[in-house]
Amino acid sequence: MIHIPRAEYTRRRKALMAQMVPNSIAILPAAAVAIRNRDVEHVYRQDSDFQYLSGFPEPAAVIVLMPGRQHGEYVLFCRERNAERELWDGLRAGTEGAIRDFGADDAFPITDIDDILPGLIEGRDRVYSAMGSNAEFDRHLMEWINVIRSKAHLGAQPPNEFVALDHLLHDMRLYKSAAELKVMREAARISCAAHVKAMQASRAGLHEFSLEAELDYEFRKGGAKMPAYGSIVAAGRNSCILHYQRNDALLKDGDLVLIDAGCEIDCYASDITRTWPVNGKFSPEQKAIYEIVLASQEAAFAQIGPDKHWNQAHEATVQVITAGLVRLGLLQGDVDELIASEAYKTFYMHRAGHWLGMDVHDVGEYKVGGEWRVLEVGMALTVEPGIYISPDNLNVAKKWRGIGVRIEDDVVVTKQGCEILTRGVPKTVAEIEALMAAAR
Ligand code: GLY
Ligand code: MN
Ligand code: MN
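What counts, and where the lines are drawn
Residues numbered from 1 in each chain as written. Chains lettered and ligands numbered in written order. Predicted model: local features only at pLDDT ≥ 70, side-chain atom pairs only at ≥ 80, totals over all residues. Heavy atoms only, no water. UniProt positions renumbered as here; feature names shortened; annotations may be inferred. Helix = DSSP H or I, 4+ residues; strand = E, 2+ residues; numbered from the N terminus. Buried < 20%, exposed > 50% of the residue type's maximum accessible area, 1.4 Å probe, protein only. Areas by Shrake-Rupley, 256 points an atom, 1.4 Å probe, with all protein chains shown as cover. Lys, Arg positive; Asp, Glu negative; His and termini not counted. Charge placed at Lys NZ, Arg CZ, Asp CG, Glu CD. Donors = N, O, S within 2.8 Å, 3.2 Å for Na, K, Ca; no water. Tetrahedral: all angles 85-135°; square planar, octahedral: opposite > 155°, others 65-115°. Contact = heavy atoms within 4.5 Å. Expected span 1.5 Å × (residues − 1). Near = heavy atom within 4 Å. Polar contact = N/O pair within 3.5 Å; in protein donor to acceptor, adjacent residues only side chain to side chain. Nonpolar A, V, L, I, M, F, W, Y, C, P; charged D, E, K, R; others polar. Phe/Tyr/Trp six-rings, centres within 6.5 Å; stacked < 30°, edge-to-face > 60°. Lys NZ or Arg CZ within 6 Å of the ring centre and 35° of its normal. Pairing = 2+ DSSP bridges. Axes fitted to C-alpha atoms, helices over the stretch in contact; angles between N-to-C directions. Salt bridge = Lys/Arg side-chain N within 4 Å of Asp/Glu carboxyl O.

- The name an unreviewed UniProt entry gives the chain is Xaa-Pro aminopeptidase, with Pseudomonas azadiae as the organism.
- According to the UniProt record, the Cofactor (unreviewed entry) comment for the chain reads "Mn(2+)".

Laid out in structure tokens, this is it:
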């Protein structure tokens, strides 16, 4: 299995600590276990920030980073080994494993955190944490601070600055390393194979979930623990519902099916959308819409590179889509005016993409100092224009209604422009029709 090597976690912690002010401390909790119902838990997914800094896959753990500390800069609180619990729930690293296998300088049982952590915080001037994102942890942090305050008469010094860690950490996460790109290429490869399988399996009379099953099978077979987000398998008019999740409708002859799905490998997402005809052959109207979306995506790729800003790709899609809709008579008027008045939003109501990484909508600022961010090598993003003609839109001829097309690929910014990570699944009308014909 392709994964992030241990040395990379060490490098990340060092890079973060190098940016923290002297005499500070960073504290991050692991994701909590989420209950699905009664004794059943959701599949555990580590918090992305916690994973990024540790690779430690267990719940009930806390990372503490203390740059410059003589007795070890990286302390991990975690569950202790427990033969009985491990018999039921699986192996735990324990404190020894945290040091031996996960690079902690020191490790303590999570049950001792209330006794130990105030002592680690004491005397540090600044605390970095993910303030506001975990109310229970914020409350614990204040309790630990209050323990120190309660000893002020003994000379204990509570920190006086509390700073959100996000700004430092999320900017680091925005730039993907060679190891991260390797994992993301693998997630993309498996997700491409899954889309190909779903295209080949597509038949009228099946259901949306039949194609979802093909995706899940390929994801799992590739080693992915789960999809990176709830797969969207939307046939016919459902393709016009942007976050469609029901995936239970019949696939009908003559309809399109839009699939937006990607798997997650070692906590890195892929995010692909393809749209194709259930029966393998685009109708003239479907093809006309599809070609506009495809052309808009090509125009967007040309606007991704180190000298371009974040919004240029989006602007390129708006330009091509608006002009295309005018050509087809779906919008009437002057292209520039229709863009200025945002008339295209009836058909194209979302943005052309988002950062991609450990979170499918990944962290990182889109604007800096009020201006669109300039792209840099190593930033990963999606490019996903679409046109959605509502089945209820009585302002357009009936033949257009209910057509929804989105095409989404994952790219990383390179010196020359961008590398498309998700080339492994057909995209042109001719390629899709040929692949589907061969599968019949
Ligand atoms: N799958 C969610 C998105 O494309 O942003
Ligand atoms: Mn998507
Ligand atoms: Mn996306």
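That covers the picture; the talk isn't over yet.
### Structural notes on the overall build of the chain
Point 1. On a plain count of helices and strands, the chain comes out with 13 helices and 21 strands.
Point 2. If one aligns the C-alpha atoms of the chain with their principal axes, the spans along those axes are about 80 × 50 × 40 Å.
Point 3. Taking all 440 residues of the chain together, 52% fall into the buried category.
Point 4. Working note: accessible area of the chain is about 19,900 Å², and carbon and sulfur atoms make up 52% of it.
Point 5. Positive and negative side-chain charges in the chain, numbering 49 and 62 respectively, have mean positions lying 4 Å apart.

### Let's talk about the coordination of the manganese ion (ligand 2)
Any two of four tetrahedral donors ideally make an angle of 109.5 degrees at the metal, while pairs among six octahedral donors ideally make 90 or 180 degrees.
Point 1. Binding of the manganese ion (ligand 2) to the protein goes through D260 (OD), D260 (OD), D271 (OD) and E408 (OE), at separations of 2.0 to 2.4 Å.
Point 2. Here the manganese ion (ligand 2) binds six donor atoms, and the angle range of 57 to 170° at the metal identifies the geometry as irregular.
Point 3. Between consecutive donor residues of the manganese ion (ligand 2), the sequence gaps follow D-x10-D-x136-E.
Point 4. The manganese ion (ligand 3) is placed at 3.2 Å from the manganese ion (ligand 2), the two being bridged by D271. In this pair, D260 is assigned in strand 11 (residues 256–261) and D271 in the loop between strand 13 (268–269) and strand 14 (272–277), connecting sequence segments eleven residues apart.
Point 5. Using a relative accessible area of 4% as the deciding quantity, one classes D271 as buried.

### Examining the environment of L16
Point 1. Mapping L16 onto the fold places it in helix 1 (residues 6–19).
Point 2. Placed 373 residues apart in sequence, L16 and I389 show a C-alpha to C-alpha distance of 47 Å.
Point 3. Setting aside its immediate chain neighbours within four residues, L16 contacts L53, L65, L165, L168, L169 and M172.

### With respect to helix 10 (residues 284–301)
The periodicity of an α-helix, 3.6 residues per turn, causes residues three or four places apart in sequence to face the same way.
Point 1. In a regular helix each residue adds 1.5 Å, so 18 residues correspond to 26 Å; helix 10 covers 26 Å between its end C-alpha atoms and thus fits that length.
Point 2. Buried residues of helix 10: E285, Q286, I289, Y290, I292, V293, L294, S296, Q297, A300 and F301, and no others.

### Topic: the site of ligand 1
Point 1. Around ligand 1, the structure places Y229, D260, D271, H354, H361, E384 and E408.
Point 2. Between ligand 1 and the protein, one listed contact pairs an oxygen atom with a side-chain N or O atom of H354 at 2.9 Å.
Point 3. A distance of 2.6 Å separates an oxygen atom of ligand 1 from a polar side-chain atom of H361.
Point 4. For ligand 1, the protein covers 89% of the area, taking 190 Å² as the surface of the free molecule.
Point 5. Each residue belonging to the shell around ligand 1 can be placed in one class, and the counts come to one nonpolar, two polar and four charged.

### Quick look at the packing of aromatic side chains
Point 1. Enumeration over the complete set of coordinates arrives at seven aromatic pairs.
Point 2. With centroids separated by 4.9 Å and ring planes inclined at 80°, the aromatic side chains of F56 and F102 adopt a geometry described as edge-to-face. With F56 in the loop between helix 2 (48–54) and strand 4 (62–65) and F102 in the loop between helix 4 (94–100) and strand 6 (106–109), this residue pair connects regions lying 46 residues apart in the sequence.
Point 3. Taking the relative accessible area as the measure of exposure, F56 reaches 0% and is therefore buried.
Point 4. Grouped by ring-pair contacts, the aromatic residues W310, W355 and Y366 constitute a single cluster.
Point 5. Between R12 and the ring centre of Y52, over which it is positioned, the NZ or CZ distance is 4.1 Å.
Point 6. The positively charged end of K367 is found above the aromatic ring belonging to W372, 4.6 Å away from the centroid.

### Thoughts on the pairing of strand 10 (residues 232–235)
Point 1. Neither face of strand 10 is left uncovered, since the one carrying I232 and A234 and the one carrying V233 and A235 both have all their residues buried.
Point 2. Judged from the four bridges that link them, strand 10 and strand 11 form a sheet pairing that is antiparallel. Within strand 11, the residue paired with I232 across the bridge is D260.

### Comments concerning the environment of M358
Point 1. By secondary structure assignment, the location of M358 is in the loop between helix 12 (335–340) and strand 15 (367–368).
Point 2. The sequence separation of M358 and W400 amounts to 42 residues, and the corresponding C-alpha distance is 37 Å.
Point 3. Apart from the residues lying within four places of it in its own chain, the contact partners of M358 are R45, S48, Q51, Y52, R173, E264, C267 and Y268.

### Looking at the sheet that holds strand 8 (residues 161–164)
Paired through backbone hydrogen bonds, the strands of a sheet run either parallel or antiparallel to each other.
Point 1. Spatial strand order, 6-5-4-1-7-8: six strands in an open sheet with mixed pairing. Strand pairing shows two members of the sheet lacking a second neighbour, strand 6 and strand 8, which therefore form its edges. Across the sheet, the axes of successive neighbouring strands diverge by a mean angle of 20°, strand direction being ignored.
Point 2. The sheet contact formed by strand 1 (residues 24–29) and strand 4 spans four bridges and is antiparallel. Among the inter-strand pairings, I27 is bridged to a residue of strand 4, identified as V64.
Point 3. Against the sheet, helix 5 (residues 113–121) contacts strand 1, strand 4, strand 5 (74–78), strand 6 and strand 7 (126–129), and its axis sits at roughly 160° relative to strand 5.

### Digging into the coordination of the manganese ion (ligand 3)
Point 1. Taken together, D271 (OD), H354 (NE2), E384 (OE) and E408 (OE) make up the protein donors of the manganese ion (ligand 3), found 2.0 to 2.2 Å from the metal.
Point 2. Coordination at the manganese ion (ligand 3) comes from six donor atoms whose angles at the metal span 51 to 156°, giving a geometry best classed as irregular.
Point 3. Mapped onto the polypeptide sequence, the residues donating to the manganese ion (ligand 3) form the spacing pattern D-x82-H-x29-E-x23-E.
Point 4. Classification of E384 by relative accessible area gives buried; the value is 9%.

### Thoughts on the pattern of salt bridges
Point 1. If you walk through the whole model with that rule in mind, you get 27 salt bridges.
Point 2. With a shortest N-O distance of 2.9 Å, R126 and E161 are connected by a salt bridge. Note that R126 is positioned in strand 7 and E161 in strand 8, a separation of 35 residues in sequence.
Point 3. Residue classification places R126 among the buried positions, given a relative accessible area of 17%.

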